Amino acid sequence: MTLRIYNTIARRKEDFIPLEAGIVKMYVCGVTVYDYCHLGHARAYVVWDMIRRYLATKYQVKFVQNITDIDDKILKRAQERNTTMQAIANQYIAAYDEDMAKLNIAKADAYPRATESIPEIIELIQQLIDREYAYASGGDIYYAVQKFPSYGKLSGRKLEDMQAGASGRVDEHEAQKRYPFDFALWKSAKPNEPFWASPWGDGRPGWHIECSAMVRSQFKGTIDIHAGGSDLKFPHHENEIAQSEVAYDKKPLAKYWMHNGFVNIDGEKMSKSLHNFKTIRDLFEFFDPMAIRLFILQAQYRKPIDFTREAIDAANKSWEMVRDGILFFNDFNKKLDWKKPNILNMCNEKNGWLSSIKEAESKTFENLERLRLDKNDDYDNIKQDWTYQGLLSRAKLIHNFNFEIWTMPKSQAMINLGNESELDNESKFKTIREDAIKIIRSFTNIIEKLLKITDIKMICQFEKAMDNDFNTSIALSYVFELAKKLRSERNSILHSGKPQSRPSLSKQALSQALFQEWQTLKYMTDVLGFGTEVSDHQVQKDGISEADIESLIQKRIEAKKAKNYQEGDRIRNELKALNITLIDQKDGTTRWIRE
């Protein structure tokens with residue numbers, strides 16, 4: 001299935017086709033660093049991290065996220081604490097990094113700061129002035145929105161209906177503006193505020209110009225995806241478009257605009273005025289960070305989500321199940337005689353798979369690309385990726401292409417090949433088919449091995465959901481299905497010492513089936529960004545960690561040895577109330593199961 005995403009500016013889902021084959025350029029509006037991040041920030045950056053991770057299974061992704069480190073709110077916070085704007089910014093950038101690491105959000109390729117982009121901002125403003133889209137007034141520089149006829153095309157607003165200050169960021173010096181909805185590009189310096197020199201006097205940039213300048217400096221032209229929260233559509237993203245299209249000679253700033261939905265707290269939109277403002281750090285005190293990530297991804301990214309105690313408790317319980325599934329390899333691989341597949345050896349086994357595939361593809365890639373087979377091969381990464389992700393995606397591409405090449409109407413293939421004569425196209429089509437068959441045969445052994453270590457059918461279902469505008473709500477259902485199976489097997493092994501939930505399978509067949517299920521779960525949870533290494537094992541839904549369970553079991557054993565049966569029963573009942581069932585073994589040991 002072709003990846004389709006909802007493009008805000010088009011107001012519909014569209015096939016995702018990168019501007020440059022195999023490469024995705026993605027820019028996300030980052031934080032204004034004057035306070036700790038809240039749940040709305042967590043929602044946004046978990047979403048864009050998930051999307052980036054999934055895109056990376058198909059493309060090479062350059063991901064940039066800016067930092068706004070000069071702003072009225074930062075200056076106010078610095079004045080309140082009698083310190084500098086830079087000190088405040090650095091403090092909360094460090095806090096942001098800590099919070100994002102706990103949520104397993106991968107580092108961006110670049111984090112340009114507003115204060116480090118002043119030359120690019122000044123250059124862009126000067127260009128807008130030279131083209132008569134900006135003007136000086138009262139020491140400030142404003143963008144003349146009436147000069148840009150399509151202003152409002154992203155948000156769907158009409159200029160006459162718009163209200164200045166919709167996000168609390170638009171300059172309110174109405175008397176200095178030619179038109180009420182014009183917005184500030186450069187603000188003249190005020191007493192006791194930091195400033196930078198410019199052709200128009202000392203001052204600092206407005207908010208909207210920052211991102212336009214940073215996109216331009218990082219990517220040198222139109223990007224594939226520009227993303228941010230729904231609250232940024234107007235005026236921030238609308239103003240970015242107006243600035244950048246003038247500077248880009250009417251070329252679009254981005255091909256696709258993506259926006260995540262709001263977070264509601266107990267049915268009400270999150271806001272400080274309602275006293276329901278929750279920092280991520282508040283939540284980390286009570287919930288596993290991966291449970292918060294799962295809570296966020298349970299809703300499709302464009303939908304609003306309602307944060308309630310019941311919802312986060314359910315997410316925490318679901319995460320415990322998923323975490324048990326992910327840790328299944330660590331806990332039982334020796335008992336089941338599993339070994340991680342060595343992709344390097346697979347590629348270099350008899351028949352010289354890697355070299356033969358590279359040779360075949362080098363001869364046919366150009367024509368295959370013209371038939372819309374986007375391969376994006378990176379063999380060094382394949383060799384290093386023991387999770388076989390690279391090989392898996394290529395095996396699926398070949399499988400899909402094998403089907404398409406024999407079922408595609410020849411007339412359609414001729415269109416794809418171009419405007420050559422019918423005879424030339426007929427010959428090319430035959431050649432492409434023959435070369436494609438060679439590649440398919442080269443992959444046969446790899447596909448057979450992949451079928452033994454993963455459930456390709458379930459992965460295709462998972463990716464079908466992800467290809468439908470990153471529908472993690474459905475994609476997670478496959479994660480839960482596998483995690484539930486593995487938890488059942490975990491309980492069987494803990495209870496009886498061996499897996500036994502599928503008696504029709506032989507020991508070897510069951511071990512192989514479990515291996516497939518775990519590998520498949522690992523692939524999907526990697527794509528969604530769940531990591532047990534960042535999970536806070538001490539924070540549980542029931543307020544008890546595995547280490548605490550083991551400690552209580554040991555205390556119970558000691559109590560029983562001392563014939564203090566009342567204490568032993570008390571500990572058993574305490575754990576039972578926390579959904580932990582104890583199973584006493586004949587050898588004196590005790591197993592436990594989390595129900």
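Shown above is the structure to which this text applies.
What counts, and at which threshold
- Residues numbered from 1 in each chain as written.
- Predicted model: local features only at pLDDT ≥ 70, side-chain atom pairs only at ≥ 80, totals over all residues.
- Heavy atoms only, no water.
- Helix = DSSP H or I, 4+ residues; strand = E, 2+ residues; numbered from the N terminus.
- Buried < 20%, exposed > 50% of the residue type's maximum accessible area, 1.4 Å probe, protein only.
- Contact = heavy atoms within 4.5 Å.
- Areas by Shrake-Rupley, 256 points an atom, 1.4 Å probe, with all protein chains shown as cover.
- Expected span 1.5 Å × (residues − 1).
- Pairing = 2+ DSSP bridges.
- Axes fitted to C-alpha atoms, helices over the stretch in contact; angles between N-to-C directions.
- Core = buried A, V, L, I, M, F, W, Y, C linked by side-chain atoms within 4.5 Å.
- Salt bridge = Lys/Arg side-chain N within 4 Å of Asp/Glu carboxyl O.
- Parallel < 35°, antiparallel > 145°, perpendicular 65-115°, else oblique.
- Left-handed = near helix turned anticlockwise from the far one by under 90°.
- Nonpolar A, V, L, I, M, F, W, Y, C, P; charged D, E, K, R; others polar.
- Phe/Tyr/Trp six-rings, centres within 6.5 Å; stacked < 30°, edge-to-face > 60°.
- Lys NZ or Arg CZ within 6 Å of the ring centre and 35° of its normal.
- Patch = residues over 30% accessible without salt bridge, like charges linked within 9 Å, V, L, I, M, F, W, Y side chains within 5 Å.
- Lys, Arg positive; Asp, Glu negative; His and termini not counted.
- Charge placed at Lys NZ, Arg CZ, Asp CG, Glu CD.

**A short note on the overall build of the protein**
Now for step 1: When helices and strands are tallied, the protein shows 21 helices and 15 strands.
Now for step 2: When burial is assessed residue by residue, the protein has 54% of its 595 residues classed as buried.
Now for step 3: Excluding contacts between residues fewer than 6 apart, the proportion of contacts in the protein whose partners are at least 24 apart in sequence is 75%.
Now for step 4: When the accessible surface of the protein is summed, it comes to about 27,600 Å², and 48% of that surface belongs to carbon and sulfur atoms.

**Describing helix α1 (residues 39–55)**
Now for step 1: Between the first and last C-alpha of α1 there are 24 Å, a value that for 17 residues agrees with the 24 Å anticipated at 1.5 Å per step.
Now for step 2: Of all the 17 residues making up α1, 15 are buried; the element is thus mostly covered by neighbouring parts of the structure.

**Quick look at the sheet that holds strand β5 (residues 134–137)**
Now for step 1: What the four strands build is an open sheet, ordered β5-β6-β7-β8; its pairing is antiparallel. Strands at the two margins of the open sheet, each flanked by one partner only, are β5 and β8 (203–205). For this sheet, the mean inter-axis angle between neighbouring strands, taken without regard to orientation, is 25°.
Now for step 2: Note that strand β7 (residues 183–188) and β8 share three bridges and pair antiparallel. Across the sheet, Ser-188 pairs through a bridge with Gly-203, a residue of β8.

**Section: the nonpolar core**
Now for step 1: Ranked by size, the top nonpolar core spans 141 residues in total, and within it Met-26, Trp-48, Leu-55, Tyr-143, Phe-462 and Phe-470 carry the most contacts.
Now for step 2: Sorting elements by how many residues they give to this core places α1 first, with 11 residues.
Now for step 3: With 11 residues, the next largest nonpolar core counts Ile-557, Leu-575, Ile-580 and Leu-582 among its residues.

**Topic: helix α6 (residues 233–247)**
Now for step 1: In a regular helix each residue adds 1.5 Å, so 15 residues correspond to 21 Å; α6 covers 20 Å between its end C-alpha atoms and thus fits that length.
Now for step 2: Where burial is concerned, most of α6 is hidden: 14 out of the 15 residues are buried.
Now for step 3: Among the residues trailing α6, Asp-249 stands out with phi positive, at a value near 55°.

**With respect to the pattern of salt bridges**
Now for step 1: Taken as a whole and assessed by the stated rule, the structure comprises 26 salt bridges.
Now for step 2: With its nearest N and O atoms 2.6 Å apart, the salt bridge here joins Arg-293 to Asp-49. Taken together, the residues span a long stretch of sequence, with Arg-293 in helix α8 (residues 289–297) and Asp-49 in helix α1 at a distance of 244 residues.
Now for step 3: The network of salt bridges with common partners includes Arg-556, Lys-560, Arg-572 and Asp-584.

**With respect to the packing of helix α9 (residues 309–326) against helix α18 (residues 472–496)**
Now for step 1: Where α9 contacts α18, the axes come no closer than 8 Å and their chain directions differ by 70°. By the angle between their directions, the pair α9 and α18 is classed as roughly perpendicular. In this structure, α9 meets α18 at a crossing whose hand is left-handed. Touching Ser-318, Glu-320, Met-321, Val-322, Asp-324 and Gly-325 of α9 are Val-479, Phe-480, Ala-483, Lys-484, Leu-486, Arg-487 and Arg-490, all from α18.
Now for step 2: In the contact of α9 with α18, the residues fall into six nonpolar, two polar and five charged.

**A closer look at the packing of α1 against helix α19 (residues 507–528)**
Now for step 1: Contact pair α1 / α19: the axes reach a minimum separation of 7 Å and the direction vectors enclose 125°. The angle between α1 and α19 falls in the class oblique. In contact with Met-50, Arg-53 and Tyr-54 of α1, α19 contributes Asp-526, Val-527 and Leu-528.
Now for step 2: When the residues that make up the contact of α1 with α19 are grouped by side-chain class, the tally is four nonpolar, no polar and two charged.

**Concerning the environment of Ala-108**
Now for step 1: Its location among the elements puts Ala-108 in the loop between α3 (85–102) and α4 (118–130).
Now for step 2: Distance in space between the C-alpha atoms of Ala-108 and Val-64 is 5.6 Å, their sequence separation being 44 residues.
Now for step 3: Residues in contact with Ala-108, not counting those within four places in the same chain, are Arg-52, Phe-63 and Gln-65.

**Remarks on the side chain of Ser-244**
Now for step 1: Looking at the element boundaries, Ser-244 is found in helix α6.
Now for step 2: On the accessibility criterion, Ser-244 (1% relative accessible area) is buried.
Now for step 3: Excluding its chain neighbours within four sequence positions, the residues that come into contact with Ser-244 are Ser-212, Lys-251 and Leu-253.

**A few points about the packing of aromatic side chains**
Now for step 1: Evaluation of the coordinates by the stated rule reveals 17 aromatic pairs.
Now for step 2: Measuring from centroid to centroid gives 5.1 Å for Tyr-143 and Phe-183, while their planes differ by 15°, and the two rings are stacked. Residue Tyr-143 is found in strand β6 (residues 140–143), and its partner Phe-183 is found in strand β7; the two are separated by 40 residues along the sequence.
Now for step 3: Judged by its relative accessible area of 0%, Tyr-143 falls in the buried class.
Now for step 4: Members of the aromatic cluster, connected to one another through ring pairs, are Trp-48, Tyr-54, Tyr-301 and Phe-470.
Now for step 5: When the ring centre of Phe-219 is taken as reference, the NZ or CZ atom of Lys-62 above it lies at 5.0 Å.
Now for step 6: For Arg-178, the ring lying beneath its charged end belongs to Tyr-135, and the centroid distance is 4.0 Å.

**Remarks on the sheet that holds strand β3 (residues 23–28)**
To summarise the sheet geometry, strands pair through backbone hydrogen bonds and adopt either a parallel or an antiparallel arrangement.
Now for step 1: Pairing within the open sheet is parallel, and its four strands lie in the order β4-β3-β9-β10. With one partner strand each, in any of the chains shown, β4 (60–65) and β10 (254–260) form the two edges of the open sheet. Pairwise comparison of adjacent strand axes, ignoring direction, gives a mean angle of 20° for this sheet.
Now for step 2: Sheet analysis places strand β9 (residues 223–229) next to β10, joined by six bridges and oriented parallel. Within β10, the residue paired with Gly-228 across the bridge is His-259.
Now for step 3: Running at roughly 135° to β10, α1 makes contact with β3, β4, β9 and β10 of the sheet.

**Considering the pairing of strand β14 (residues 580–584)**
Now for step 1: With four of its five residues buried, β14 lies for the most part within the structure.
Now for step 2: Across five bridges, the pairing between β14 and strand β15 (residues 590–594) is antiparallel. Residue Ile-583 lies in a different strand from β15, and its bridge partner there is Arg-591.
Now for step 3: Counting the residues between successive antiparallel strands, the hairpin from β14 to β15 contains five residues, one of them, Gly-588, with a positive phi of roughly 95°.

**Section: the environment of Phe-332**
Now for step 1: The residue Phe-332 is located in helix α10 (residues 328–332) in this model.
Now for step 2: Sequence separation between Phe-332 and Arg-490 is 158 residues, and the spatial gap between their C-alpha atoms is 8.4 Å.
Now for step 3: Among all residues touching Phe-332, those that are not within four sequence positions of it are Arg-490 and Ile-493.

**Regarding a negative patch on the surface**
Now for step 1: A cluster of acidic residues, Asp-266, Glu-268, Asp-306 and Glu-310, forms a negative patch on the protein surface.
Now for step 2: Checked against the element boundaries, Glu-310 lands in helix α9.

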